[in-house]
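# An overview of the molecular structure
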Amino acid sequence: MSEVQHIGAAKTAFDLEELVIHYHKQLREEAYAYLERRGIHQETADLYRIGFEPGKFGFYVNSGKLGDFFENRIIIPITNADGATVDLIGRSVDQREPKYKSLLGEGDYLFNEQILEQTEDVIVCGGLFDVLSLAQAHLPAVCVPIWMSFKEIHADKLRDKRVFICLGNDEAGRRESVRIQALLQSTAKQTFVMQLPESIRDVNDFFVRVQNPLDSFMRLLNETMEEAMLLPIAPDTKNITIYTEEFMKRHRGQASGVPTGFAALDEALFGGLRSGLYLLAGAASSGKTMLMKQMADHIASNQTPVVYVSWDMTGFELWARSIARLIGTEPQNVLSGKIEPRQVAEANKRYMPISNMLWTIECSLDSTIDRVMTNVERIAGMSGRTPVVFIDHINRIPAGGLPNPPRSSAEHQTIIAYMLKHWSKEWGGPVIAAVPSDIGEERLPEGAEASADVIMRLKPEPGGPSASGIRSSLQLLKHRNGTLATIPLRFYDQQARFAEE
């Protein structure tokens, strides 16, 4: 069963309302102790039907039960505007990762969405406990319930509202506040970005630690409005702190990119993959899929979630390439069944930690890009982090479902590249997409090149295969924020892996 089918099946496997009742009945001493530390009272827990799972909760075949999915987690129901439960979020009480887990990964709703019908003013927070703290103080607040960031669909829910943005008091929170404010420009009546006191982490921390928190928070709200009225259009000074923090991280060598497993490439990319669109071009059979799958496995092995979307190869074919690399043999030997089962079993044991953080979506001509995006968002919600997304390859993505049917292959590439770029920007995560093209003789469409932050070309060098591997080069032909580079590689066909020279 493909991951797309698996996720769809999960949505109908249980009655969410029954689960909410079940978990709420299981609130017990350790759960109340955790809620009390977060400043959340029992009345609030009852109002929002917060629950707890102390034991095992996960999936069991044909049993209709759930095992350790929400073990030792406070469980918060997410409802839509009509009050129907659409998802459950579990927050660990023992610091296990991820801290937050979504059962279904529904990313189109806001926590406490029902409050929007009752108010013209609303506070957008960074987390569920921020909203609970404000709701307890009778202040209208909402937040995005899962890891996926605030999107246009959320901005539309706040249409014609006066919105106060109060996220975490750190670099990520400040950066996200600026992004949300930009998204709300065309929908909200007014937007204000609030700054918490320097030693306070977030809204929940404010209400736990500050004396007379409601009075102090109301004073912050009023001060924020007064400052905005004096200076209705904020200058770029609001971003200086964010920019300086990012510069100092790079100055100290604290790269925030996702390492690819190739040191020279990571160095050229200032530490690895960041939010943006990376196009990997190359002629047919140049090794694009092998390279992307090797990168994907490396990233997943470091416990960063990865989604590998393929309109080209089957999930079995991709798995065979990973197993071949772990065994040190040609993929054809795995695909043809010539490897000893014992070797495959041993390789699977080594592959297990990788596969726990790797989702393969095997696509068909009916798999539209919008449907794939929706499933990636759900995976992100369930894994608790924004994934690195690999697309193999964009020429195979069906035109059905695109906003406007493309009139040529060049226009098709341009539309898809623009959508992937917008997707990566909205999520704040990297998207790496393969493009079958021998750049230099066959240029990418201008619109596709314009959307890409980085364009790489994988090019086998003359000479053909030998005992020492096939010489290749990974050329950075476009690097929006850095210099161009060429990374020499060798592909060892009999080991199914690329290595830097």
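The numbering scheme is per chain: residues are counted from 1 as the chain's sequence reads. Only residues with pLDDT of at least 70 get local features here, since the model is predicted, and only at 80 or more are side-chain atom pairs given and counted; chain-wide, interface and lining totals rely on the full set of residues. For the side-chain quantities, the full set of heavy atoms in the structure was used; hydrogens and water were omitted.

This part is about the overall build of the protein. Numbering of helices and strands runs from the N terminus; a helix is a DSSP stretch of H or I covering at least four residues, while a strand is a stretch of E covering at least two. Tallying secondary structure elements over the protein gives 18 helices and 17 strands in all. Considering the protein as a whole, with its 501 residues, one finds that 51% of them fall into the buried category. The contact definition used throughout considers only heavy atoms, calling two residues in contact when any of these lie within 4.5 Å. Partitioning the intrachain contacts of the protein with sequence separation of at least 6 by distance along the chain shows that 65% fall at a separation of at least 24. Only the protein chains shown count as covering a residue, and every accessible area follows the Shrake-Rupley method with a 1.4 Å probe. Counting only carbon and sulfur atoms, one obtains 51% of the accessible surface of the protein, whose full area is about 23800 Å². Throughout, exposure labels follow a simple rule: accessible area from a 1.4 Å probe, protein chains only, divided by the maximum for the residue type, with under 20% read as buried, over 50% as exposed, and the rest as partly exposed.

As a further point, take the pairing of strand β2 (residues 73–79). In terms of residue burial, β2 counts as a mostly covered element, since seven of its seven residues are buried. Of the two faces of β2, the one carrying Arg73, Ile75, Pro77 and Thr79 and the one carrying Ile74, Ile76 and Ile78 are both buried. At least two DSSP bridges between two strands are required for those strands to pair. Relative to β2, strand β1 (residues 51–53) is paired through three bridges, and the arrangement is antiparallel. Across the sheet, Phe52 pairs through a bridge with Ile74, a residue of β2. With seven bridges connecting them, β2 and strand β3 (residues 85–92) associate as antiparallel partners. Within β3, the residue paired with Ile78 across the bridge is Asp87. In sequence, β2 turns back onto β3 through a hairpin of five residues, with Gly83 there showing a positive phi of about 90°.

The definition of a nonpolar core used throughout is a set of buried Ala, Val, Leu, Ile, Met, Phe, Trp, Tyr and Cys residues joined through side-chain atoms within 4.5 Å. Counting residues in each nonpolar core, the largest one holds 45 residues, and the members touching the most others are Leu265, Phe390 and Leu474. In terms of residue count, helix α12 (residues 288–301) provides more of this core than any other element does, seven residues in total. Ile50, Phe192, Val203 and Phe207 belong to the second largest nonpolar core, which has 41 residues in total.

The next subject is helix α13 (residues 315–327). For α13, which comprises 13 residues, the first-to-last C-alpha distance of 18 Å matches the rise-based estimate of 18 Å (1.5 Å per residue) to within 8%. What α13 keeps buried is the set Leu318, Ala320, Arg321, Ser322, Ile323, Ala324, Arg325 and Leu326. Elements that come into contact with the buried residues of α13 comprise α12, β10 (306–310), α14 (331–335), α15 (341–355), β11 (358–362) and β17 (497–500). Gly328 sits one or two residues past α13 and shows a positive phi near 90°. The span one expects for a helix is its residue count, reduced by one, times 1.5 Å.

Turning our eyes to something else, we now look at the confidence of the model for the protein. You can read pLDDT as the predictor saying how much it trusts each residue, on a scale of 0 to 100. Per-residue confidence for the protein averages 86 on the pLDDT scale, and 88% of its residues sit at or above 70. Ignoring residues within four places in sequence, the model shows residues 1–13, a span with pLDDT below 50, making 16 contacts including any to other chains. Here residues 57–65 scores under 50 on pLDDT; set against residues more than four positions off or in separate chains, the count is 19 contacts.

The nine strands lie next to each other as β11-β10-β12-β13-β9-β14-β15-β16-β17, forming an open sheet whose pairing is mixed. Since the sheet does not close on itself, it has two edges, and those belong to β11 and β17, each with one partner. The average angle at which neighbouring strand axes cross in this sheet is 20°, direction not considered. Pairing analysis gives five bridges linking β10 to strand β12 (residues 388–392), with the strands arranged parallel. Bridge pairing links Val309 to Ile391 in β12. All axes here are fitted lines through C-alpha atoms, helices being fitted over the stretch that makes contact, and every angle between N-to-C directions spans 0 to 180 degrees.

Taken in spatial order, the four strands of this open sheet run β1-β2-β3-β4, and their pairing is antiparallel. Since the sheet does not close on itself, it has two edges, and those belong to β1 and β4 (100–102), each with one partner. The sheet shows a mean angle of 30° between the axes of neighbouring strands, taken without regard to direction. Across the sheet, helix α5 (residues 128–136) is in contact with β2, β3 and β4; its angle to β2 comes to roughly 75°.

For the rest of this paragraph, the subject is unusual backbone geometry. Outside of glycine, negative phi angles account for most residues, and trans bonds account for most peptide bonds. With omega at -10°, the peptide bond leading from Asp392 into His393 counts as cis. Here His393 is to be found in the loop between β12 and α17 (409–427). A positive phi angle, near 50°, is found at Asn212, a position not held by glycine. Structurally, Asn212 is set in the loop between α8 (203–209) and α9 (213–230). Among the residues examined, Asn212 registers a relative accessible area of 56% and is labelled exposed.

Here the focus is the environment of His422. When you line up the elements, His422 lands in helix α17. Given the relative accessible area of 33%, His422 is considered partly exposed. It is 8.7 Å that separates the C-alpha atoms of His422 and Ser451, two residues lying 29 residues apart in sequence.

The next subject is α17. A rise of 1.5 Å per residue sets the reference length of α17, with its 19 residues, at 27 Å; its end C-alpha atoms lie 27 Å apart and thus fit the reference within 8%. Of all the residues in α17, the buried ones are His412, Gln413, Ile415, Ile416, Ala417, Met419, Leu420, Trp423, Ser424, Glu426 and Trp427. Once α17 ends, the next one or two residues include Gly428, with phi positive near 75°.

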